[in-house]
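What follows is the residue order along each chain.
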Amino acid sequence: MNTLNNPAEIVYPGGKLSLKRTLIMGILNITPDSFSDGGRFLDCHQAVKQALRMLDDGADIIDIGGESTRPGADPVPLETELERVLPVIESILKKRPEAVISIDTYKSAVARKAIESGARMVNDISGLGFDPEMKNVVRDKHVPVIIMHIKGTPRDMQKNPHYDNLITELIAYFRKRITEALKRGIEKSQIIIDPGIGFGKRLEDNYEILNRLDEFTALGFPVLVGPSRKSFIGRELNLPPEERIFGTAAAVSIAVWKGANILRVHDVKEMVEVIRIVERIKSRSIPPL
């Protein structure tokens, strides 16, 4: 499989995002049961207010999801997901037409409707694996797509996940999913990969992914990492989700140092500051002897 060398930008319908710096994706869950902020933004007005706040704080992308994918979560009916996300997308774009919105879904019908409402990117936790039609939507709409690794489904992914060789297996997964996408007509320049921290991973797996993140960046595609407030931080520090900001900052720092291109986070303002300092240090790093 031929890969891209040092991707310079992410191109979406109507614009592009430079990868000369690390991008911030702000999380906006329009759900009653997400692990960290479930129920806070079910009201459209509150959701839009939060999106605008994240944009003002420095978010480059707003990732909107209408179905919780926390461990053990049950699927949401298509109609419910659409009712949650479409009014929010449309309302944000009325106020900020230039906003880059990502739709966080594995359902092709949701992705299609969201793109038609103005979303410019698809974030598929199934890595284009749950809905066969999703590849066609991404190809036909020519939007960037985040191919994430997951082992199982949200309902069962944390029931004793096992790997013989974690990184080798994840890289093989990406090679397979990327090859399938290319055969369907999706272009290399549309693809972003996400190793899926917390999605079918043991506690130690999440730390190994961060420690060896450069092995994913070596594939030649932009890499997204989503460590924000997750349980691997909470279990280490014995803290609830809303108190995991410093643990998240540590994970974000390592991810940036190891070459992540996009960080998906709840606390945009704080992580913008973290990334700015890490990038400043990294730009002055002394090459090895």
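A brief structural summary. (Residues numbered from 1 in each chain as written. Predicted model: local features only at pLDDT ≥ 70, side-chain atom pairs only at ≥ 80, totals over all residues. Heavy atoms only, no water.)

## Some words on the overall build of the chain
Convention followed: Under the scheme used here, helices are H or I runs from DSSP no shorter than 4 residues and strands are E runs no shorter than 2 residues, and both carry numbers assigned from the N terminus. Values of the radius of gyration come from C-alpha atoms, whereas the globule rule sets the reference at 2.2 Å times the count of residues to the power 0.38. The cut-offs for exposure are 20% and 50% of the maximum accessible area for each residue type, with area from a 1.4 Å probe on protein chains only; residues under the lower value are buried, those over the upper are exposed, and the others partly exposed. Here, residues are in contact when the closest pair of their heavy atoms is within 4.5 Å. Reported accessibility uses the Shrake-Rupley method at a 1.4 Å probe radius. Residues are deemed covered only where the shown protein chains occlude them. Two residue types count as positive, namely Lys and Arg, and two as negative, namely Asp and Glu; His and chain ends fall outside the count. Here the site of a charge means atom NZ of a Lys, CZ of an Arg, CG of an Asp or CD of a Glu.
Across its full length, the chain holds 10 helices and 10 strands. Compactness check: the chain gives a C-alpha radius of gyration of 18 Å against a globular reference of 19 Å for 289 residues, within 12% of the reference. Each principal axis of the C-alpha atoms in the chain carries an extent, and together these give about 55 × 45 × 40 Å. Buried positions account for 54% of the 289 residues belonging to the chain. Sequence-distant contacts, at least 24 apart, represent 68% of the contacts inside the chain between residues at least 6 apart. Surface accessibility of the chain: about 13000 Å² in total, with carbon and sulfur atoms responsible for 50%. Seen as two clouds, the 41 positive and the 39 negative side-chain charges of the chain have centres 3 Å apart.

## Brief notes about the pairing of strand E10 (residues 262–265)
Convention followed: Pairing between two strands requires that DSSP report at least two bridges joining them.
Covered by surrounding structure in E10 are Ile262 and Arg264 together with Leu263 and Val265, the residues of both alternating faces. In the sheet, strand E3 (residues 23–29) pairs with E10 via four bridges, with the strands oriented parallel. When the bridges of E10 are listed, Ile24 appears paired with Leu263. As paired elements, strand E9 (residues 224–225) and E10 share two bridges and run parallel to each other. Bridging from a neighbouring strand, Val225 pairs with Leu263 of E10.

## So, the packing of aromatic side chains
Threshold: By convention, a stacked pair of Phe, Tyr or Trp rings (six-membered ring in the case of Trp) has centres within 6.5 Å and planes under 30 degrees apart, an edge-to-face pair has planes over 60 apart, and any other such pair is tilted.
In the structure shown here, the tally under the stated rule is four aromatic pairs. Look at Tyr106 and Phe130: their rings are 5.3 Å apart centre to centre, the planes differ by 80°, and that puts the pair in the edge-to-face class. Residue Tyr106 is located in the loop between strand E5 (101–104) and helix H3 (108–116), and its partner Phe130 is located in the loop between strand E6 (121–124) and helix H4 (134–141); the two are separated by 24 residues in the primary sequence. Note on Tyr106: relative accessible area 14%, which makes it buried.

## Details of H3
Put simply, the rule is: The reported arc concerns the directions from the helix axis to the C-beta atoms and nothing else.
Taken as a whole, H3 has its buried residues at Ser108, Val110, Ala111, Ala114 and Ile115. For H3, the arc enclosing every buried residue in end-on projection is 160°, short of the 170-degree limit, so these residues lie on one face. Where H3 is buried, its residues touch helix H2 (78–95), E5, E6 and H4. Of the residues trailing H3, Gly118 is marked for its positive phi of about 125°.

## A few points about a nonpolar patch on the surface
Quick note on the threshold: By definition, no residue in a patch forms a salt bridge, and every one has over 30% relative accessible area; like charges are joined within 9 Å, nonpolar side chains (Val, Leu, Ile, Met, Phe, Trp, Tyr) within 5 Å. Within this document, salt bridges are pairs made up of a side-chain nitrogen of Lys or Arg and a carboxyl oxygen of Asp or Glu, the two lying within 4 Å of each other.
Together, Trp257, Ile277 and Ile281 make up a nonpolar patch on the protein surface, roughly 310 Å² of accessible area in all. Note on placement: Ile281 falls in helix H10 (residues 268–283). In this structure Ile281 comes out as partly exposed when scored by relative accessible area, which is 47%.

## Thoughts on the pairing of strand E8 (residues 191–194)
Which entries qualify depends on this criterion: With the strands aimed away from the viewer, a crossover counts as right-handed if its path from the first strand over the helix to the second runs clockwise.
Burial along E8 is two-sided: the residues Ile191 and Ile193 and Ile192 and Asp194 are all buried. Running through helix H5 (residues 166–183), the crossover from strand E7 (residues 145–148) to the neighbouring parallel element E8 is right-handed.

## Here we look at the pattern of salt bridges
This structure, assessed with the given rule, holds 19 salt bridges. In this structure, Asp74 and Arg155 form a salt bridge, with 2.9 Å as the shortest nitrogen-oxygen distance. Highlighted residues: Asp74 in the loop between strand E4 (61–65) and H2 and Arg155 in the loop between E7 and H5, separated in sequence by 81 residues. For Lys107, the salt bridge is made with Glu81, and the minimal N-O distance between the two is 2.6 Å. Highlighted residues: Lys107 in the loop between E5 and H3 and Glu81 in helix H2, separated in sequence by 26 residues. One exposure class covers both Lys107 and Glu81, and it is buried. In this structure, a network of salt bridges that share partners links the residues Asp63, Asp104 and Arg264.

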